[in-house]
Amino acid sequence: ELKVEQNPLFLSMQEGKNYTIYCNYSTTSDRLYWYRQDPGKSLESLFVLLSNGAVKQEGRLMASLDTKARLSTLHITAAVHDLSATYFCAVDRSFGNKLVFGAGTILRVKS
Amino acid sequence: GAVVSQHPSWVICKSGTSVKIECRSLDFQATTMFWYRQFPKQSLMLMATSNEGSKATYEQGVEKDKFLINHASLTLSTLTVTSAHPEDSSFYICSAESPSSYGYTFGSGTRLTVV
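Keep in mind it's a predicted model, so treat the numbers as computed, not measured. (Residues numbered from 1 in each chain as written. Chains lettered and ligands numbered in written order. Predicted model: local features only at pLDDT ≥ 70, side-chain atom pairs only at ≥ 80, totals over all residues. Heavy atoms only, no water.)

(A) Examining the interface of chain B and chain A more closely. Listed by partner, the interface residues are 21 residues for chain B and 19 residues for chain A. Where chain B abuts chain A, roughly 1600 Å² becomes buried across the two surfaces, and 54% of that area is made up of carbon and sulfur atoms. If you look at where chain B meets chain A, you find two salt bridges. Among the salt bridges present, the one from Lys98(A) reaches Glu59(B), with a minimum N-O distance of 3.6 Å. In this assembly, chain B and chain A are joined by five residue pairs in polar contact (both at pLDDT 80 or more). Among the secondary structure elements, those contributing two or more residues to the side of chain B that touches chain A are strand S4 (32–38), strand S5 (44–51), strand S9 (90–97) and strand S10 (104–106) of chain B. Of the residues in the side of chain B that touches chain A, the class split is nine nonpolar, nine polar and three charged. (Contact = heavy atoms within 4.5 Å. Buried area = accessible area lost by both parts, 1.4 Å probe. Salt bridge = Lys/Arg side-chain N within 4 Å of Asp/Glu carboxyl O. Polar contact = N/O pair within 3.5 Å; in protein donor to acceptor, adjacent residues only side chain to side chain. Helix = DSSP H or I, 4+ residues; strand = E, 2+ residues; numbered from the N terminus. Nonpolar A, V, L, I, M, F, W, Y, C, P; charged D, E, K, R; others polar.)

Put into C-alpha cells, the structure is as follows:
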C-alpha cells in the first residue's frame, strides 16, 4: 500500500527565513505533486515532478524529487506572509491514476 | 485551460434528505473523475473513482449506497449524498486528470453541513 509522509506537519516561520518541507513515499511511483490549499478553498497545483532529479521553481518555492530515496522537498526561500497556507504532497499509485496525499503541512509566516 | 467546475460551493440540508453535488470539466473531456472528502484540518481522502459510462469504483470503507456517483457524460460527474446525517458534514472535492499537463485539476469544493 502506498503511503505518503510529510513533515513537519506545522511550521511557523519568520518572514525572510528559509525552510524545507519533506515528503517521503513508500513505493515506486510515477509522479509527485505539490499543492497549496488556503483556508476554505480547494487545491491549487504548484508543481508536478515526473523524473528523478527533477527540480522546479516558481517564485520563492522550489520543489525537487529524488526517486531513489523516494523523497521530495519543497524549499521556501525568504518567506513572506502570503505563503501562509497548507501544503500537500501527493503521489500517484503504481497502478491506476489515484492520488495518495500526505497529511499536509500548515505553514504560518509571521511578520 | 483544464477547468473543473463544482457546485454548489456550500449547502446546508436537514438530516434524512439527499444532496447532489455536480462536477463538470469545462474545456476538456474527462473519462475519469475522482471524489475526495476532507475533514477540518485533515488531508484529502479518496472516496471513489468515477468512470464515464460505467460504475464507480469505491475505496474501502466508503458506503456506495450512501454516496451515489453517476458519470453520465464525458464532462459531468455527480455525487449524491443520500439520507444525509450530521456525520456526513464535510468538504467534498472532485478532480480530473488534466489533459494539458501531467497533473490533476481540482474543483472548488463543496462544503456540506447537515443539521
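(B) How the structure looks around the sheet that holds strand S3 (residues 19–25) of chain B. All names here are of chain B. Strand order in the open sheet made by the four strands is S1-S3-S8-S7, with antiparallel pairing throughout. Only two strands of the sheet have a single neighbouring strand rather than two, namely strand S1 (4–7) and strand S7 (67–73). Between one strand and the next, the sheet's axes are offset by a mean angle of 15°, whatever the strand orientation. Judged from the four bridges that link them, S1 and S3 form a sheet pairing that is antiparallel. (Pairing = 2+ DSSP bridges. Axes fitted to C-alpha atoms, helices over the stretch in contact; angles between N-to-C directions.)

(C) Region of the structure containing the sheet that holds strand S3 (residues 19–25) of chain A. Residue and element names in this part refer to chain A. Pairing is antiparallel across the open sheet formed by five strands, whose spatial order is S1-S3-S8-S7-S6. At either margin of the open sheet sits one strand with a lone partner, and together these are strand S1 (4–7) and strand S6 (55–58). For this sheet, the mean angle separating the axes of adjacent strands, direction not counted, is 15°. Across six bridges, strand S7 (residues 61–66) lies against strand S8 (residues 71–76) in antiparallel orientation. Residue pairing in the sheet places Asp66 in a bridge with Leu71 of S8.

(D) View of the packing of aromatic side chains. Inspection of every chain in the model, using the stated rule, returns 10 aromatic pairs over all chains. When the ring of Tyr33(A) is compared with that of Tyr104(B), the centres are 5.4 Å apart and the planes differ by 70°; the resulting orientation is edge-to-face. Here Tyr33(A) is found in strand S4 (residues 32–37), whereas its partner Tyr104(B) is found in strand S10 on a different chain. Both rings, one in Phe67(B) and one in Tyr92(B), keep their centres 6.3 Å apart while their planes meet at 45°; by these two values the pair is tilted. Placement of the pair is Phe67(B) in strand S7 and Tyr92(B) in strand S9, with a sequence separation of 25 residues. Phe67(B) gets classed as buried once you look at its relative accessible area, which sits at 5%. Chaining the aromatic ring pairs together yields one cluster made of Tyr33(A), Tyr35(A), Phe88(A), Phe101(A), Phe34(B), Tyr36(B), Tyr104(B) and Phe106(B). (Phe/Tyr/Trp six-rings, centres within 6.5 Å; stacked < 30°, edge-to-face > 60°. Buried < 20%, exposed > 50% of the residue type's maximum accessible area, 1.4 Å probe, protein only.)

(E) Representation of the state of the cysteines. Under the defined criterion, the tally for this structure stands at two disulfides over all chains. At a sulfur-sulfur separation of 2.0 Å, the disulfide partner of Cys23(A) is Cys89(A). Taking the sign of the S-S torsion, about 80° here, the bridge from Cys23(A) to Cys89(A) comes out right-handed. Placement of the pair is Cys23(A) in strand S3 and Cys89(A) in strand S9 (residues 85–92), with a sequence separation of 66 residues. Looking at Cys23(A), the relative accessible area reads 0%, which means it is buried. In this structure Cys13(B) is not part of a disulfide, and its nearest cysteine sulfur, from Cys94(B), lies 18 Å away. Classification of Cys13(B) as buried rests on a relative accessible area of 8%. (Disulfide = S-S within 2.5 Å.)

(F) Geometry of the environment of Phe88(A). All names here are of chain A. On the secondary structure map, Phe88 appears in strand S9. Using a relative accessible area of 1% as the deciding quantity, one classes Phe88 as buried. As a C-alpha pair, Phe88 and Trp34 span 54 residues in sequence and 5.7 Å in three-dimensional space.

(G) View of unusual backbone geometry. The amide bond that connects Asn7(A) to the next residue, Pro8(A), takes the cis arrangement and shows omega of 0°. If you trace the backbone, Pro8(A) turns up in the loop between S1 and strand S2 (10–14). Of note, the bond from His7(B) into Pro8(B) is cis; its omega dihedral lies within 30 degrees of zero at 10°. With respect to the helices and strands, the residue Pro8(B) is situated in the loop between S1 and strand S2 (10–13). A positive phi angle is found at Ala78(A), which is not glycine, with a value near 50°. Given the relative accessible area of 25%, Ala78(A) is considered partly exposed. With a phi angle near 45°, Ser83(B) is a residue other than glycine that sits in the positive phi range. Note that Ser83(B) resides in the loop between strand S8 (76–81) and S9. Ser83(B) gets classed as partly exposed once you look at its relative accessible area, which sits at 36%.

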